[in-house]
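So you can see what is in the structure, the chains are spelled out below.
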Amino acid sequence: MVLMVEEEFNLLLFGIKKIGLVLLLALLFLKILDVVYTRWFKRPAWVHFYLYKVKLSEAHKLILRKNFNFYNRLSNTGKRRFEHRLQCFIDDKEFIPRQDFVLGEDKKVLIAATAVMLTFGMRRYMLPILEKIIVYPTAFYSTIDKRYHKGEFNPRLKALVLSWEDFEEGYRIEDDNLNLGIHEFTHAIHLNSMKRTDTASVIFSDGFSELLRLLRNESLVIEIKKSGFIRAYAFTNEFEFLAVVLENFIESPTEFKSQFPSLYKNIQQMFNFRFAGY
Ligand SMILES: [Zn+2]
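First things first, this report covers the structure right here in the doc. (Residues numbered from 1 in each chain as written. Predicted model: local features only at pLDDT ≥ 70, side-chain atom pairs only at ≥ 80, totals over all residues. Heavy atoms only, no water.)

### Here we look at the packing of helix α5 (residues 105–118) against helix α7 (residues 180–195)
Right, on to step 1. At a closest axis distance of 10 Å, the pairing of α5 and α7 adopts a crossing angle of 55°. Taken together, α5 and α7 sit at an angle that is classed as oblique. Two packed elements cross with a definite hand, and for α5 against α7 that hand is right-handed. Listed contacts from α7 to Ile111, Thr114, Ala115, Met117 and Leu118 of α5 are Gly181, Ile182, Phe185, Thr186 and Ile189.
Right, on to step 2. Considered class by class, the residues forming the contact of α5 with α7 number seven nonpolar, three polar and no charged. (Axes fitted to C-alpha atoms, helices over the stretch in contact; angles between N-to-C directions. Helix = DSSP H or I, 4+ residues; strand = E, 2+ residues; numbered from the N terminus. Parallel < 35°, antiparallel > 145°, perpendicular 65-115°, else oblique. Left-handed = near helix turned anticlockwise from the far one by under 90°. Contact = heavy atoms within 4.5 Å. Nonpolar A, V, L, I, M, F, W, Y, C, P; charged D, E, K, R; others polar.)

### Quick notes on the coordination of the zinc ion
Right, on to step 1. Taken together, His183 (NE2), His187 (NE2), Glu240 (OE) and Glu240 (OE) make up the protein donors of the zinc ion, found 2.1 to 2.7 Å from the metal.
Right, on to step 2. Considering all four donor atoms around the zinc ion, angles at the metal cover 53 to 143° and the coordination shape is irregular.
Right, on to step 3. Of note, the donors binding the zinc ion are all from one chain and are spaced H-x3-H-x52-E. Here the residue His183 and the residue His187 both occupy positions in helix α7, the gap between them amounting to four residues, near one helical turn. No difference in accessibility class separates His183 from His187, as the two residues are buried. (Donors = N, O, S within 2.8 Å, 3.2 Å for Na, K, Ca; no water. Tetrahedral: all angles 85-135°; square planar, octahedral: opposite > 155°, others 65-115°. Buried < 20%, exposed > 50% of the residue type's maximum accessible area, 1.4 Å probe, protein only.)

### Comments concerning the sheet that holds strand β1 (residues 94–97)
Right, on to step 1. Strand order in this open sheet of four strands is β1-β2-β6-β5, and the pairing throughout is mixed. The outermost strands of the open sheet, each flanked by one partner alone, are β1 and β5 (151–154). Within this sheet the neighbouring strands show an average axis-to-axis angle of 15°, counted without direction.
Right, on to step 2. Helix-sheet contacts for α7 involve β2 (132–136), β5 and β6 (159–163), and the interaxial angle to β5 is about 15°. (Pairing = 2+ DSSP bridges.)

### Some remarks on helix α10 (residues 238–251)
Because each turn of an α-helix spans 3.6 residues, side chains separated by three or four positions in sequence point in the same direction.
Right, on to step 1. The terminal C-alpha atoms of α10 lie 20 Å apart, and with 14 residues this matches the ideal 20 Å at 1.5 Å per residue to within 8%.
Right, on to step 2. Counting buried positions over the 14 residues of α10 gives twelve, a clear majority of the element.
Right, on to step 3. Among all positions in α10, only Glu240, Phe241, Leu242, Ala243, Val244, Val245, Leu246, Glu247, Asn248, Phe249, Ile250 and Glu251 are buried. (Expected span 1.5 Å × (residues − 1).)

### Remarks on the pairing of β2
Each regular strand carries side chains that alternate between the two faces of the sheet.
Right, on to step 1. Among the five residues of β2, four are classified as buried, and the element is accordingly described as predominantly covered.
Right, on to step 2. Here four bridges tie β1 to β2, and the two strands are oriented parallel to one another. Of the residues in β2, the one forming a bridge with Ile96 is Ile134.
Right, on to step 3. Note that the unit made of β1, α5 and β2 has a crossover that is left-handed.
Right, on to step 4. Alignment of β2 against β6, held across five bridges, turns out to be parallel. Across the sheet, the residue bridging to Val135 is Leu162, located in β6. (Right-handed = clockwise from strand over helix to strand, strands pointing away.)

### Some points on the side chain of Glu251
Right, on to step 1. Along the chain, the position of Glu251 falls in helix α10.
Right, on to step 2. A polar atom in the side chain of Glu251 sits 3.2 Å from the backbone nitrogen of Asp176.
Right, on to step 3. Apart from the residues within four sequence positions on either side, Glu251 is in contact with Gly170, Ile173, Glu174, Asp175, Asp176, Asn177, Leu178 and Asn179. (Polar contact = N/O pair within 3.5 Å; in protein donor to acceptor, adjacent residues only side chain to side chain.)

Written out as structure tokens, the structure is:
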């Protein structure tokens, strides 16, 4: 009797091991397929997959509906995905107000929504390089370069620092190609991609190399400078170029696409931006 039970137990164990091996092989196969797909098509095979969706409160949804056009343009499914990501992002980051600033939920939602919008075509959106979001009421004094700043991303402190006044101003006029939040979060996404090897980061880094290749074309650079479409600060260095260009990409996609189609396509691919109007 004992022998039979032991035999049955061994058989069960063998069965479990076999299922485990099959699952492991299936996962490995999917991973290889994913890598091949990404390399071939230069975009992820899938972006959104959640076993459980976190709910966003009605009050938070109302803030989005009133203030965030990107969210309003999404389909119902897209909106639910955006809400899930937004709540997860808010829960993951530490929001720190400075100089007695009152950092209400409405402000947190709009800051987090900027990050979620820019990473909405990416599978990984949490940006592990970023832990703290520090918000000043207005431009803040930096002891490092003895100047007032409107925003900065500090990878050493894993902190994004923003002046609320300037962040808000960025969204006040939606097509002036000036948006502090988009600019600073682009720096964070860029530096994050340099430190990681997930699908989104690989696509981003490959796209950035392609961008640098495009910028080696002197006549294109002259054409960009002459057009005045992209502001002069972009030409400070390659990091600033990307951050400034993203402000144009989000705020004037139609004009961008018609004026510089190759550059536009490159940015679209880096961020896997495939949404209404982009
Ligand atoms: Zn910058």
